[in-house]
Amino acid sequence: MRTTLSINETAMPVVREMIGYRDELGIAVAEQENGATCIDCGVHVPGGYRAGALFVETCLAGLATAAITMGRVGSVPVPFLHITVSHPALACLGSQKAGWVLKAGGYSAMASGPARALAAKPKDTYKTIGYRDTSAFGILALEADTLPDEEVTGFIAEKCGIDPGDLYVLVAPTASLVGSIQISGRVVTATLHKLEAKGYDVCRIRHAAGRSPIAPVKRTGIAAMGATNDCNIYCGSVSLIVEGYDPVFASLPSRTSPDYGRPFSRVLEDAGYDFLKVDSLLAFSPAEVTINDGTSGEVYHFGSLNPDVLLESFEIR
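Note that the structure is a prediction, hence the values are computed from the model and not measured.

## With respect to the nonpolar core
Grouped together as the largest cluster of nonpolar side chains are 41 residues, with contacts concentrated most on Leu195, Leu240 and Phe249. What leucine 240 contacts, discounting residues up to four positions off in sequence, is Thr191, Leu192, Leu195, Ile205, His207, Ala208, Thr290, Ile291 and Asn292. Residues Ala111, Ala144, Ile162 and Leu167 belong to the second largest nonpolar core, which totals 23 residues.

## Considering a negative patch on the surface
A cluster of acidic residues, Glu33, Asp149, Glu150 and Glu151, forms a negative patch on the protein surface. Looking at the secondary structure, you find glutamate 150 in helix H7 (residues 150-160).

## So, the sheet that holds strand S9 (residues 205-213)
The 6 strands lie next to each other as S3-S4-S9-S10-S11-S12, forming an open sheet whose pairing is mixed. The outermost strands of the open sheet, each flanked by one partner alone, are strand S3 (64-73) and strand S12 (299-303). When strand polarity is set aside, the average angle formed by the axes of neighbouring strands in this sheet is 15°. Where strand S10 (residues 237-242) and strand S11 (residues 288-293) come together, 6 bridges link them in parallel fashion. Paired with valine 238 across the two strands is valine 289, which belongs to S11. The strands touched by helix H10 (residues 221-235) within the sheet are S3, S9 and S10, with S9 carrying the most contacts at an inclination of about 115°.

## Overview of the pairing of strand S4 (residues 76-86)
Pairing of S3 with S4 involves 10 bridges; the strand directions are antiparallel. Along S4, the bridge assignment pairs valine 73 with valine 76. Pairing geometry for S4 and S9, over 7 bridges, is antiparallel. Within S9, the position partnered with threonine 84 by the bridge is alanine 209.

## Side note on the packing of H10 against helix H12 (residues 307-314)
Helices that pack against each other are described as a pair by the angle of their axes relative to one another and the distance between those axes. Packing of H10 against H12 leaves a shortest axis separation of 9 Å and a crossing angle of 175°. Considering their axes alone, H10 and H12 lie roughly antiparallel with respect to each other. Contacts between H10 and H12 involve Gly226, Ala227, Asp230, Cys231, Tyr234 and Cys235 from the first element and Pro307, Val309, Leu310, Ser313 and Phe314 from the second. For the contact of H10 with H12, a count of residues per class yields 8 nonpolar, 2 polar and 1 charged.

## Thoughts on the packing of helix H3 (residues 49-59) against helix H4 (residues 88-96)
Packing of H3 against H4 brings their axes to within 9 Å, and their N-to-C directions diverge by 95°. In this view, H3 runs roughly perpendicular relative to H4, as classed from their interaxial angle. Every residue of H4 that contacts H3 at Val56, Thr58 and Cys59 is listed here: Ala91, Ser95 and Gln96.

## A short note on the packing of aromatic side chains
Applying the stated rule across the entire model yields 4 aromatic pairs. When the centroid spacing of 5.3 Å and the interplanar angle of 65° are considered together, the rings of tyrosine 200 and phenylalanine 249 count as edge-to-face. Taken as a pair, tyrosine 200 in the loop between helix H9 (187-197) and S9 and phenylalanine 249 in the loop between S10 and helix H11 (264-270) lie far apart in primary sequence, 49 residues in all. Taken individually, tyrosine 200 and phenylalanine 249 each receive the classification buried, so the pair is uniform in this respect. Seen from their ring centres, tyrosine 234 and tyrosine 260 are 5.0 Å apart, and the 45° between their planes marks the pair as tilted. Within this pair, whereas tyrosine 234 is found in helix H10, its partner tyrosine 260 is found in the loop between S10 and H11, the two being separated by 26 residues in sequence. Of the residues examined, tyrosine 234 reaches a relative accessible area of 0% and is grouped as buried. Three or more aromatic residues link up through ring pairs in this structure, and these residues are Tyr200, Tyr245, Phe249 and Tyr300.

Scoring rules and cut-offs
- Residues numbered from 1 in each chain as written.
- Predicted model: local features only at pLDDT ≥ 70, side-chain atom pairs only at ≥ 80, totals over all residues.
- Heavy atoms only, no water.
- Core = buried A, V, L, I, M, F, W, Y, C linked by side-chain atoms within 4.5 Å.
- Buried < 20%, exposed > 50% of the residue type's maximum accessible area, 1.4 Å probe, protein only.
- Contact = heavy atoms within 4.5 Å.
- Patch = residues over 30% accessible without salt bridge, like charges linked within 9 Å, V, L, I, M, F, W, Y side chains within 5 Å.
- Areas by Shrake-Rupley, 256 points an atom, 1.4 Å probe, with all protein chains shown as cover.
- Salt bridge = Lys/Arg side-chain N within 4 Å of Asp/Glu carboxyl O.
- Lys, Arg positive; Asp, Glu negative; His and termini not counted.
- Charge placed at Lys NZ, Arg CZ, Asp CG, Glu CD.
- Helix = DSSP H or I, 4+ residues; strand = E, 2+ residues; numbered from the N terminus.
- Pairing = 2+ DSSP bridges.
- Axes fitted to C-alpha atoms, helices over the stretch in contact; angles between N-to-C directions.
- Parallel < 35°, antiparallel > 145°, perpendicular 65-115°, else oblique.
- Nonpolar A, V, L, I, M, F, W, Y, C, P; charged D, E, K, R; others polar.
- Phe/Tyr/Trp six-rings, centres within 6.5 Å; stacked < 30°, edge-to-face > 60°.

If you want it as structure tokens, here you go:
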């Protein structure tokens with residue numbers, strides 16, 4: 001991948017908008033004693049739909065647009081997130097992919113966002129897409145129930161090779177509105193992650209778009225994890241414009257997983273909440289994919305929506 005883009009720099013305008021409109025967005029911004037900026041998007045604050053859309057755009061390094069509209073799952077009206085992505089391999093795998101299992105002291109979180117490129121987490125992904133970033137500041141997004149302290153932000157800054165005062169950390173729990181939105185916003189990234197895992201050259205993907213329902217906010221992390229992932233697994237739609245057809249595309253929909261057909265929380269429960277016993281690629285699969293081969297002009301469609309399982313996951317009364 002040949003590009004002069006700095007994904008931390010392209011994400012910064014979105015972060016500045018979040019900081020500037022914190023009150024309207026229902027988020028909180030705090031500067032720690034070490035200078036790091038922590039943006040709470042749902043731990044101690046309500047967040048909101050617009051905050052969630054901006055969270056998604058930040059995770060995608062400012063290389064995507066995110067919009068929320070109303071739609072239906074079966075006969076039930078629910079909000080949907082729509083995203084369009086430029087530079088898909090870079091935005092999705094180089095930035096949004098939750099490729100950093102962050103552990104510092106007693107704190108742990110799944111980390112995504114452009115600062116991953118500074119820390120090269122994981123190295124194989126950046127080797128695959130042929131990218132590195134040398135920005136003087138970093139932006140990281142955490143899926144966590146608590147805010148990081150100075151020990152954690154100092155650890156992040158050290159791994160990224162920057163001063164803590166140049167670090168911006170966004171935090172949203174899974175069981176929050178922004179948490180629901182940001183996982184729906186991973187529908188395209190999940191598809192590219194599956195392609196990456198199968199050895200496909202993701203740099204052949206030129207343009208991407210996706211749509212997924214936004215899960216209702218749940219009370220527990222496990223319930224939220226189930227409902228949010230089910231949005232993508234059972235009603236997530238992805239469209240890719242690629243250079244050349246590949247048979248691997250037929251394996252992308254979630255229907256190809258042996259664990260398909262039940263709410264994700266039930267799959268986890270049956271596995272004793274042992275993720276190693278669950279098909280790891282189920283959560284990285286959209287319900288359906290449309291492939292446009294830009295070289296031949298051919299269009300292919302694989303998979304289908306399954307609103308019944310998603311409504312079961314939502315537990316609508």
